[in-house]
Amino acid sequence: MSKLPDELAGLLAGARHVGVITGAGISSESGIPTYRGIGGLYDDPEHGNDIIDALSGDTLKKDPDRTWRAVGELARHATGAQPNEGHRALVEIEQHVEQFVLLTQNVDGLHQLAGSRNVIPVHGSIRATACMDCGLRGTLADDELRAIESAPRCSHCEGTLRPAAVLFGEMLSAEVVQRMYEEFSLYPPDVLLVVGTSALFPYIMSPVLEARRAGRLTVEVNPERTYLSSEVRYHLAGKAGYYLPLLSSAIRA
Ligand code: NAD
Ligand code: ZN
């Protein structure tokens, strides 16, 4: 690993409007495994596909207990975790610049716990539930989540609860799509950072490709190469906990 390229540091100094997109990689230094990539919980591709299958909309319909067992497994890693240097650097950036938006695919709540304010949690929260019968919304406490072995029941109608998160194969909510459009297309940030995501979803790639086409500054932080690595202006091959504090210092210089 190395310091930031001088040219990049120069371009970041005085940035006024910063957008950030994060994925599971930023939470890996808080001890929460990613699905894919280095440090992935499921390096073994068969188990990786297994969990992705369990966390899909199709499985939820056929076998909600299986979906909830996978949620429980993720929760045993995600609950109790604390924000790390990477999360904290993004809070610093938000406090410094005029306009800031953070789109995260993570469901662990660590950005919010660190103190980030303008967060779009595109995939929802691991703690939120919705009744599949009456629609009642609620939350589960961390100890309940960790202990979960089967689909919990609705306190109102005894129906089956689902995680109020976007599962694989499901669509984003219209409200989230609208917010993303406003924050990334209508009033696009002049600096876009994309951190710790394998960037496989079209709605994650497209703000980055759009920014690049418009000639705005794009920076990726990921120890591995992704589909976006050859698209962004700078690919910083290292950990979020290392590079985000450097990016924050350069922006605040
Ligand atoms: P992913 O697991 O597909 O990819 C993680 C990426 O992070 C990889 O490219 C990896 O190289 C990179 N990475 C690993 N350690 C890193 C570090 N220290 N710094 C920077 N990058 C690092 O994750 P994804 O793209 O977010 O997609 C997975 C889906 O699974 C998302 O929808 C997300 O909701 C969900 N998920 C969430 C959590 C969480 O909330 N913490 C954890 C696992 C999965
Ligand atoms: Zn109900």
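Quantities reported herein were computed from a predicted structural model and do not represent experimental measurements.

Conventions we followed
- Residues numbered from 1 in each chain as written.
- Chains lettered and ligands numbered in written order.
- Predicted model: local features only at pLDDT ≥ 70, side-chain atom pairs only at ≥ 80, totals over all residues.
- Heavy atoms only, no water.
- Donors = N, O, S within 2.8 Å, 3.2 Å for Na, K, Ca; no water.
- Tetrahedral: all angles 85-135°; square planar, octahedral: opposite > 155°, others 65-115°.
- Buried < 20%, exposed > 50% of the residue type's maximum accessible area, 1.4 Å probe, protein only.
- Helix = DSSP H or I, 4+ residues; strand = E, 2+ residues; numbered from the N terminus.
- Pairing = 2+ DSSP bridges.
- Axes fitted to C-alpha atoms, helices over the stretch in contact; angles between N-to-C directions.
- Contact = heavy atoms within 4.5 Å.
- Core = buried A, V, L, I, M, F, W, Y, C linked by side-chain atoms within 4.5 Å.
- 1 Å grid on protein atoms, 1.4 Å probe; cavity = no way out; pocket = protein on both sides within 12 Å on 5 of 7 lines; lining within 4 Å.
- Points joined across faces, edges and corners; volume = space filled by probe spheres on them.
- Nonpolar A, V, L, I, M, F, W, Y, C, P; charged D, E, K, R; others polar.
- Domains from an automatic or database assignment.
- Parallel < 35°, antiparallel > 145°, perpendicular 65-115°, else oblique.
- Left-handed = near helix turned anticlockwise from the far one by under 90°.

Asks: What's the story with the coordination of the zinc ion (ligand 2) in this structure? I'm lost.
Replies: Six octahedrally arranged donors around a metal ideally form angles of 90 or 180 degrees; four tetrahedrally arranged donors ideally form angles of 109.5 degrees. For the zinc ion (ligand 2), the full set of protein donor atoms is C131 (SG), C134 (SG), C154 (SG) and C157 (SG), at a range of 2.3 to 2.4 Å. Around the zinc ion (ligand 2), the 4 donor atoms sit at angles spanning 101 to 116°, and that spread fits a shape best called tetrahedral.

Asks: Hey, could you run me through the pairing of strand β6 (residues 161-165) in this one?
Replies: Consecutive side chains of a regular strand alternate in pointing toward one face of the sheet and then the other. Taking burial as the measure, the 5 residues of β6 include 5 buried ones, the bulk of the element. Two strands pair when backbone bridges link them, and strand β4 (residues 124-131) and β6 are joined in this way by 4 bridges, in the antiparallel orientation. Bridge assignment links A130 to a residue of β6, and that residue is R162.

Asks: How do you make sense of the sheet that holds strand β2 (residues 99-104) when you look at a structure like this?
Replies: Within a beta sheet, neighbouring strands are joined by backbone hydrogen bonds and run either parallel or antiparallel to one another. Pairing is parallel in the open sheet, where 6 strands are placed in the order β3-β2-β1-β7-β8-β9. This sheet does not close on itself; its edge strands, each paired only once, are β3 (119-121) and β9 (234-236). Each strand of the sheet is rotated relative to its neighbour by a mean of 15°, with strand direction disregarded. For β2 and β3, the ladder comprises 3 bridges, and the chain directions are parallel. Across the sheet, L103 pairs through a bridge with I120, a residue of β3. Relative to β2, helix α6 (residues 85-96) is tilted by about 150°, and along the sheet it contacts β1 (17-22), β2 and β7 (191-195). The sheet strands contacting helix α9 (residues 174-186) are β1, β2, β3 and β7, and the helix crosses β3 at an angle near 140°.

Asks: I tried to follow the nonpolar core on my own but got confused; where do I start?
Replies: By size, the foremost hydrophobic cluster in this structure holds 29 residues, and its most contacted members are L4, L8, L12, V18, L193, L244 and L247. Listed by contribution, the elements that provide at least two residues to this core are α1 (6-12), β1, α6, β2, β7, β8 (217-221), β9 and α11 (240-252). Among the elements that take part in this core, α11 stands out by supplying 7 residues, more than any other. Setting aside chain neighbours within four positions, we find L8 in contact with L217, V219, Y234, L236 and L247.

Asks: What's the story with the layout of surface pockets in this structure? I'm lost.
Replies: In this approach the atoms are scanned with a rolling probe the size of a water molecule, which exposes any empty space left behind. For the largest pocket, the calculated volume is near 960 Å³. Every residue lining the largest pocket is counted, 47 residues in all, and those nearest its centre are G23, A24, T34, Y35 and N106. Secondary structure elements with two or more residues in the lining of the largest pocket: α2 (25-28), α5 (64-78) and β6. Grouping the amino acids of the lining of the largest pocket by side-chain chemistry returns 23 nonpolar, 17 polar and 7 charged. Looking at the lining of the largest pocket, you find at least three residues from each of domain 1 (1-32 + 82-123 + 171-253) and domain 2 (34-77 + 125-165). Space inside the second largest pocket adds up to approximately 340 Å³. As for the second largest pocket, its lining consists of 23 residues, of which H123, G124, A164, A165 and V166 are closest to the centre. If you list the elements that add at least two residues to the lining of the second largest pocket, you get β4 and β6. Its residues assigned to classes, the lining of the second largest pocket comprises 12 nonpolar, 7 polar and 4 charged.

Asks: It is not clear to me how the packing of α6 against α11 should be interpreted in this structure. Could you clarify?
Replies: Where α6 contacts α11, the axes come no closer than 7 Å and their chain directions differ by 15°. By the angle between their axes, α6 is roughly parallel relative to α11. At the point where α6 passes α11, the crossing takes the left-handed sense. Taking contact as the criterion, the partners of E85, G86, A89, L90, E92, I93 and H96 in α6 are, on α11, A240, G241, L244, P245, S248, I251 and R252. Residues that form the contact of α6 with α11 fall into these classes: 7 nonpolar, 4 polar and 3 charged.

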